[in-house]
Amino acid sequence: MKSPLRKRLPRELKGEIGKYLVVLILMIATIGFVSGFLVADGSMIKAYNEGFEKYKIEDGNFRVKKKITKAQQENIEKNGVTLYENFYLEEALDNGSTMRIFKNREEINLVCLMEGKLPEKAGEMAIDRMYADNNKISVGDTLKSGSQKWKVTGFVALSDYSCLFQNNNDSMFDAIKFDVAMVTQEGFDSLHKTVHYSYTWNYVDTPADEVEQKAKSDDFMKALLTQVVCDDIELEDYMPRYANLAINFATDDMGSDKAMGGVLLDILIVIIAFIF
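Each value, and the rule that gives it
Residues numbered from 1 in each chain as written. Predicted model: local features only at pLDDT ≥ 70, side-chain atom pairs only at ≥ 80, totals over all residues. Heavy atoms only, no water. Helix = DSSP H or I, 4+ residues; strand = E, 2+ residues; numbered from the N terminus. Rg over C-alpha atoms; globule rule 2.2 N^0.38 Å. Contact = heavy atoms within 4.5 Å. Areas by Shrake-Rupley, 256 points an atom, 1.4 Å probe, with all protein chains shown as cover. Lys, Arg positive; Asp, Glu negative; His and termini not counted. Charge placed at Lys NZ, Arg CZ, Asp CG, Glu CD. Buried < 20%, exposed > 50% of the residue type's maximum accessible area, 1.4 Å probe, protein only. Salt bridge = Lys/Arg side-chain N within 4 Å of Asp/Glu carboxyl O. Patch = residues over 30% accessible without salt bridge, like charges linked within 9 Å, V, L, I, M, F, W, Y side chains within 5 Å. Axes fitted to C-alpha atoms, helices over the stretch in contact; angles between N-to-C directions. Parallel < 35°, antiparallel > 145°, perpendicular 65-115°, else oblique. Left-handed = near helix turned anticlockwise from the far one by under 90°. Pairing = 2+ DSSP bridges.

Asks: Explain the overall build of the protein to me, please; I cannot follow it from the model alone.
Replies: When helices and strands are counted, the protein shows seven helices and 11 strands. The C-alpha radius of gyration computed for the protein amounts to 26 Å, which surpasses the reference 19 Å derived for 276 residues by more than 25%, pointing to a less compact arrangement than a globule. The C-alpha extent of the protein, read off along each of the three principal axes, is 95 × 45 × 30 Å. Expressed as a percentage of contacts within the protein between residues at least 6 apart in sequence, the contacts between residues at least 24 apart total 77%. Surface summary for the protein: the accessible area is close to 16100 Å², and the carbon and sulfur share equals 56%. For the protein, the distance from the average position of its 33 positive side-chain charges to the average position of its 42 negative side-chain charges is 10 Å.

Okay, here's the thing in structure tokens:
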């Protein structure tokens, strides 16, 4: 027995061709958009994770009141870490922004040059690309802080500041009124400001995952606190990598966006099915 639908379905499609074309186009566009978003998001997460090794991103950092001695550093490094100086200054610019200034780096938390070149002499500075875009700053422009001036030689991305958090307890990063910048050793020494003695560390034995990273961080913090008491070091801040928003906020945000994209696709398909 032949099904009566064999004539009815073609007639239905022909009579309602406009409706079905709209539904088809909507479905193709929705699946294409969300699929493209998920592929791009996954690629960015993969590239960002590979950057941890490529740019030698720290396993953590701590800040002390005054510079530690060579002997104190050697004692701290006996706890399975390698320490690096990552001192910085903070300068209030005439445009109302706060600039956190570092010296050029060669060992850890390496810099990605996006445009122009790195500073080569005092009076030159490379600034974060996102801050430059938000404040309409171009390579060759001059930044001022009172009588101090810097020529912008390039735009960079600091591997330990993928998002510009001035403080780790801030609810959101600020790429308009806060920036990080690189200067030469000569330029850094010429600034008569209070130096923030920040030290970064990497574990000698790299943790296999975040669970091991947290365990190592807890052990190192206990050892560091013991060292602080013994050597009269005034510890001002302690920040393991897994808790550092400036490093992790971007990947955490991309991860949540991926989950949201999947949910959005499911909802849209249900809506399209209902319309159909």
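Moving on from the model shown.
Asks: What's the story with the side chain of Asp-179 in this structure? I'm lost.
Replies: Relative to the assigned elements, Asp-179 resides in strand S9 (residues 178-183). Among buried charged residues, Asp-179 stands out as having no salt bridge; its nearest opposite-charge side chain is Arg-100, 10 Å away. Those residues in contact with Asp-179 that lie beyond four places of it in its chain are Thr-98, Met-99, Arg-100, Ile-127, Asp-128, Tyr-131 and Leu-164.

Asks: What should I look at first to understand a nonpolar patch on the surface in this one?
Replies: Judged by side-chain polarity, Leu-26, Val-263, Ile-267, Ile-271, Phe-274 and Ile-275 come together as a nonpolar surface patch covering roughly 610 Å² of accessible area. Taking relative accessible area as the criterion, Val-263 reaches 47% and is therefore assigned partly exposed.

Asks: Just checking my understanding: could you explain unusual backbone geometry for this structure?
Replies: A negative phi holds for most residues other than glycine; trans holds for most peptide bonds. One non-glycine residue, Lys-56, adopts positive backbone phi at about 50°. Take Lys-56: its relative accessible area is 42%, and that puts it in the partly exposed class. Look at Asn-109: it is not a glycine, yet its phi comes out positive at around 50°. Here Asn-109 shows up in the loop between strand S4 (98-103) and strand S5 (111-116).

Asks: Please explain the packing of helix H3 (residues 70-77) against helix H6 (residues 210-231) as it appears in this structure.
Replies: Relative orientation and spacing of two packed helices are given, respectively, by the angle between their axes and the distance between those axes. At a minimum axis distance of 10 Å, the contact between H3 and H6 shows a crossing angle of 150°. Here H3 is positioned roughly antiparallel relative to H6, judged by the angle of their axes. For the pair H3 and H6, the sense of crossing is right-handed. Note on element contacts: H6 touches H3 through Phe-220, Leu-224, Gln-227 and Asp-231, opposite Gln-72, Asn-75 and Ile-76.

Asks: Would you mind showing me how to read the sheet that holds strand S1 (residues 60-64) here?
Replies: Within a sheet, each strand pairs with its neighbour through backbone hydrogen bonds, oriented either parallel or antiparallel. One open sheet accounts for four strands, arranged S2-S10-S1-S11; its pairing is antiparallel. Two strands close off the open sheet at either side, each with one partner strand: strand S2 (81-85) and strand S11 (235-240). In this sheet, neighbouring strand axes are inclined to one another by 20° on average, regardless of whether the strands run parallel or antiparallel. Relative to strand S10 (residues 197-203), S2 runs antiparallel, the two being bridged by five bridges. Pairing of Leu-83 across the sheet is with Trp-201, part of S10. On the sheet, H3 packs against S1 and S2 and is oriented at approximately 145° with respect to S2.

These figures come from the coordinates and say nothing about function on their own.
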